[in-house]
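Per-entry structural report
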Amino acid sequence: MPDTPQGSSQGAAAASSQGDSQRSSPGAAPGPRFEPVQPVRAYQRIVEQVEDALARGTLTPGQRLPSERELVAQFAVSRSTVREALRVLESNGVVRSRPGDPNGPEVLPFSQTGLRKQMVRLARVDELTLSELIGFRMIMDGAAIQVASRLRTPEQLDELEATLVAMRDAIDVDFDAFSQADLAFHELIARISRNSLIETCNEVVRGVVLGLISDKIAHAPNSRALMLESLHHHAEVVDAIRAGDGHAAARLARQNMFDYYAGYVPDSEQETLRALVED
């Protein structure tokens, strides 16, 4: 029988002992489970640092990042890594670079474009369902209308009436014209609510939803009837806002969206939307 090296024997014994210790005895609590570590590329770290600086306020719109050469030195990475990070930042609408500009990239003000791109991407890869998008809009729009019922001025009520006239006229044009008039109504509601985040989120989610189903609505055999029904609901909402009844206005708004969009949502996903309209 051949000799076994002492180190190998000790290693085998240690492995056996370790294996025995890892096997759970009856009643013993299970040990922690860890996930594999995902490598992060250097350019992603640069993007994170720039975005963190924006979040902290140490970097503000209108400022310039250092030149490409300075960024290479500060981050201690290659020029290609810096360029990839800047490409991502520019694609996300964070900075803008001009060809031939000797200064560094300019930090841009916040834009809805980046948020819209992310939501569209989530919707298209099925991370967000149509019912989730519609439900979010029902909640946000209802809240904005409830606040607007308290804050609206007589002049803003006149503006809301004008949007209803525009919607009524647009029905005789086409769905796109009606959609634009409807957008003007909801943008006005968001402005009256004095909450720019509601305005941004509503506009983005509305755009994503319509991007997914606008063709179906526009070419539906009852498209005109849908627009007339929507106009009627909007008029009811304005009446409730005029009366200062925020709860009624919000409920009507949610009902309007449910009636308008629920038919495009699978039956299995409609229960969450019904919960937003049933008292």
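The shown structure was predicted, so the numbers you read here are calculated from the model rather than taken from an experiment. (Residues numbered from 1 in each chain as written. Predicted model: local features only at pLDDT ≥ 70, side-chain atom pairs only at ≥ 80, totals over all residues. Heavy atoms only, no water.)

Broken down by element type, the chain carries twelve helices and two strands. Walking the chain from its N terminus toward its C terminus, one meets helices and strands in the order α-α-α-α-β-β-α-α-α-α-α-α-α-α. A total of 279 residues make up the chain; the buried ones form 37% of that total. With the model as given, the accessible surface of the chain reaches about 16900 Å², and the carbon-plus-sulfur share is 52%. (Helix = DSSP H or I, 4+ residues; strand = E, 2+ residues; numbered from the N terminus. Buried < 20%, exposed > 50% of the residue type's maximum accessible area, 1.4 Å probe, protein only. Areas by Shrake-Rupley, 256 points an atom, 1.4 Å probe, with all protein chains shown as cover.)

For Ala-76, which is not glycine, the phi torsion reads 55° and is therefore positive. Structurally, Ala-76 can be placed in the loop between α3 (68-75) and α4 (79-91). With a phi close to 60°, Arg-194 is a non-glycine residue in the positive phi region. In this fold, Arg-194 is placed in the loop between α8 (175-192) and α9 (196-218).

Turning next to the packing of helix α6 (residues 130-151) against α9. At their nearest, the axes of α6 and α9 sit 10 Å apart, and the two run at 145° to each other. Between α6 and α9 lies a crossing whose hand is left-handed. Residue-level inspection shows Leu-130, Leu-133, Ile-134, Phe-136, Arg-137, Met-140, Asp-141 and Ala-144 of α6 in contact with α9, the latter providing Ile-198, Cys-201, Asn-202, Val-205, Arg-206, Val-208, Val-209, Leu-212 and Ile-213. For the contact of α6 with α9, a count of residues per class yields 13 nonpolar, one polar and three charged. (Axes fitted to C-alpha atoms, helices over the stretch in contact; angles between N-to-C directions. Left-handed = near helix turned anticlockwise from the far one by under 90°. Contact = heavy atoms within 4.5 Å. Nonpolar A, V, L, I, M, F, W, Y, C, P; charged D, E, K, R; others polar.)

Tallied over the entire structure, the rule returns eleven salt bridges. In this structure, Glu-84 and Arg-87 form a salt bridge, with 2.8 Å as the shortest nitrogen-oxygen distance. Here Glu-84 and its partner Arg-87 are both found in helix α4, three residues apart, which amounts to about one turn of the helix. Residue Arg-206 is joined to Asp-182 by a salt bridge in which the shortest nitrogen-to-oxygen separation is 2.9 Å. Placement of the pair is Arg-206 in helix α9 and Asp-182 in helix α8, with a sequence separation of 24 residues. Taken individually, Arg-206 and Asp-182 each receive the classification buried, so the pair is uniform in this respect. What you see here is one network of salt bridges that share partners, running through Glu-68, Arg-79 and Arg-83. (Salt bridge = Lys/Arg side-chain N within 4 Å of Asp/Glu carboxyl O.)

Our next topic: the confidence of the model for the chain. Low pLDDT marks stretches whose predicted atomic positions should not be read closely. Taken over all residues, the pLDDT of the chain has a mean of 84, while the share at 70 or more is 87%. Here helix α1 (residues 6-22) is the element of the chain with the lowest mean pLDDT, 46, and helix α7 (residues 154-170) is the one with the highest, 96. Ignoring residues within four places in sequence, the model shows residues 1-25, a span with pLDDT below 50, making one contact including any to other chains. (pLDDT = per-residue confidence, 0-100.)

In this structure, Leu-160 and Tyr-261 are the most contacted members of the largest nonpolar core, which totals 50 residues. Top contributing element to this core by residue count: α9, with nine residues. Not counting residues up to four positions away in its chain, the partners in contact with Leu-160 are Phe-185, Leu-188, Ile-189, Ile-192, Val-238 and Ile-241. (Core = buried A, V, L, I, M, F, W, Y, C linked by side-chain atoms within 4.5 Å.)

So, on to the side chain of Asn-202. Counting through the fold element by element, Asn-202 comes out in helix α9. We classify Asn-202 as buried; its relative accessible area is 6%.

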